[in-house]
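Read off the chains here:
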Amino acid sequence: MDSYNTNASNFLFCLTVFTVACIGLGYVLQKNQTIDRLTSDNKALISHINSLLELDSLYKEKKVLERRIEDTIKKRLSVKEVNLINAMIQVESEGNNSAYCAAEEAVGCLQIRPIMLREVNRILEICNKAERYTLEDRWSRNKSIEMFNVWKGFHHKDSSSEKIARNWNGGPTGINNPRTVRYWNKVKKEIKYSYASR
């Protein structure tokens, strides 16, 4: 009987050890599966974060490129504007700041008439600017160019060089006046000359 009890005890002990080992193994396997799942989730999360970082980097690069393009366009536009103004000064007065046409009361390098001076001051008033120009200011090249830019910025912000030049020469409807074509052709020629002489 003792032998039976001993065998039964041994069997129960082995069965208990086996059960505990199975439970432990199951726990380890489950933990490993959890770790694998978490590792997989982490990899996906890391991949997603890397994608977001790449997108952020691309967004920043896009912004830098947009700024460069804007700067290039501004530089090109400012060169174009300077060329137009210089060409018009050449046509209007041959570059002479003291040019005077008594018949039209046109003065200075851009041959500004009193009616244009009034229009520039009217624009400044509309735009709530304190500055006003005088008839004497027309003799100054810098002031004349400033007045031109006030007029152009208000009436011809997005206009072509041709429209700007022809309206400067012929008034608000100058672009439709056949007589301003000759003026534009002279300005165009001066612009081409300035490009060629670079």
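Residues numbered from 1 in each chain as written. Predicted model: local features only at pLDDT ≥ 70, side-chain atom pairs only at ≥ 80, totals over all residues. Heavy atoms only, no water.

Would you mind going over the pattern of salt bridges with me for this structure?
Think of it this way: side chains of opposite charge can pair up when their charged atoms draw near. According to the stated counting rule, one finds 4 salt bridges in the structure shown. The closest approach of N and O atoms between glutamate 81 and lysine 152, which form a salt bridge, is 3.5 Å. Of this pair, glutamate 81 sits in helix α1 (residues 2–93) while lysine 152 sits in helix α3 (residues 141–155); the two residues are 71 residues apart in sequence, bridging distant segments of the chain. The partly exposed category is assigned to glutamate 81, whose relative accessible area is 33%. When the shortest N-O distance is used, the salt bridge between arginine 166 and glutamate 162 registers 3.0 Å. Taken together, the residues arginine 166 and glutamate 162, both in helix α4 (residues 161–170) and 4 residues apart, mark about one turn of the helix. (Salt bridge = Lys/Arg side-chain N within 4 Å of Asp/Glu carboxyl O. Helix = DSSP H or I, 4+ residues; strand = E, 2+ residues; numbered from the N terminus. Buried < 20%, exposed > 50% of the residue type's maximum accessible area, 1.4 Å probe, protein only.)

When you look at the side chain of serine 144 in this model, what are you seeing that I'm missing?
You can see serine 144 is positioned in helix α3. Owing to a relative accessible area of 0%, serine 144 belongs among the buried residues under this scheme. In this view, serine 144 contacts Cys109, Leu110, Ile112, Asp137 and Arg138; residues no more than four positions away in its chain are not counted. (Contact = heavy atoms within 4.5 Å.)

Can you help me understand unusual backbone geometry in this one?
Note: most residues except glycine have negative phi, and most peptide bonds are trans. Residue glutamate 105 is not a glycine yet carries a positive backbone phi of 55 degrees. As for its position among the elements, glutamate 105 is in the loop between β1 (100–101) and β2 (106–107). Of note in the backbone geometry, asparagine 128 takes a positive phi value of approximately 55 degrees without being a glycine. By the secondary structure assignment, asparagine 128 is in the loop between α2 (114–126) and α3. Judged by relative accessible area, which is 71%, asparagine 128 ranks as exposed.

What exactly am I supposed to notice about a nonpolar patch on the surface here?
Together, Leu45, Ile49 and Leu53 give the surface a local cluster of nonpolar side chains, amounting to about 280 Å² of exposed area. Its location among the elements puts isoleucine 49 in helix α1. (Patch = residues over 30% accessible without salt bridge, like charges linked within 9 Å, V, L, I, M, F, W, Y side chains within 5 Å. Areas by Shrake-Rupley, 256 points an atom, 1.4 Å probe, with all protein chains shown as cover.)

Can you help me understand the environment of isoleucine 89 in this one?
Structurally, the position occupied by isoleucine 89 is in helix α1. Taking relative accessible area as the criterion, isoleucine 89 reaches 2% and is therefore assigned buried. Taking the C-alpha atoms as reference points, isoleucine 89 and isoleucine 145, separated by 56 residues in sequence, lie 9.3 Å from one another. Excluding anything up to four places from it in sequence, isoleucine 89 contacts Glu94, Gly95, Cys109, Leu110, Arg141 and Ile145.

Would you take a moment to explain α3 for this structure?
An α-helical segment advances 3.6 residues per turn. Residues three or four places apart therefore align on the same side. In this model α3 runs 21 Å from its N-terminal to its C-terminal C-alpha over 15 residues, within 8% of the 21 Å that 1.5 Å per residue would give. Within α3, burial applies to Ser144, Met147, Phe148, Val150, Trp151 and Lys152. For α3, the side-chain oxygen to backbone nitrogen distance between the N-cap and asparagine 142 is 3.4 Å, and the N-cap itself is serine 140. (Expected span 1.5 Å × (residues − 1). Polar contact = N/O pair within 3.5 Å; in protein donor to acceptor, adjacent residues only side chain to side chain.)

This is a description of form; function is not addressed.
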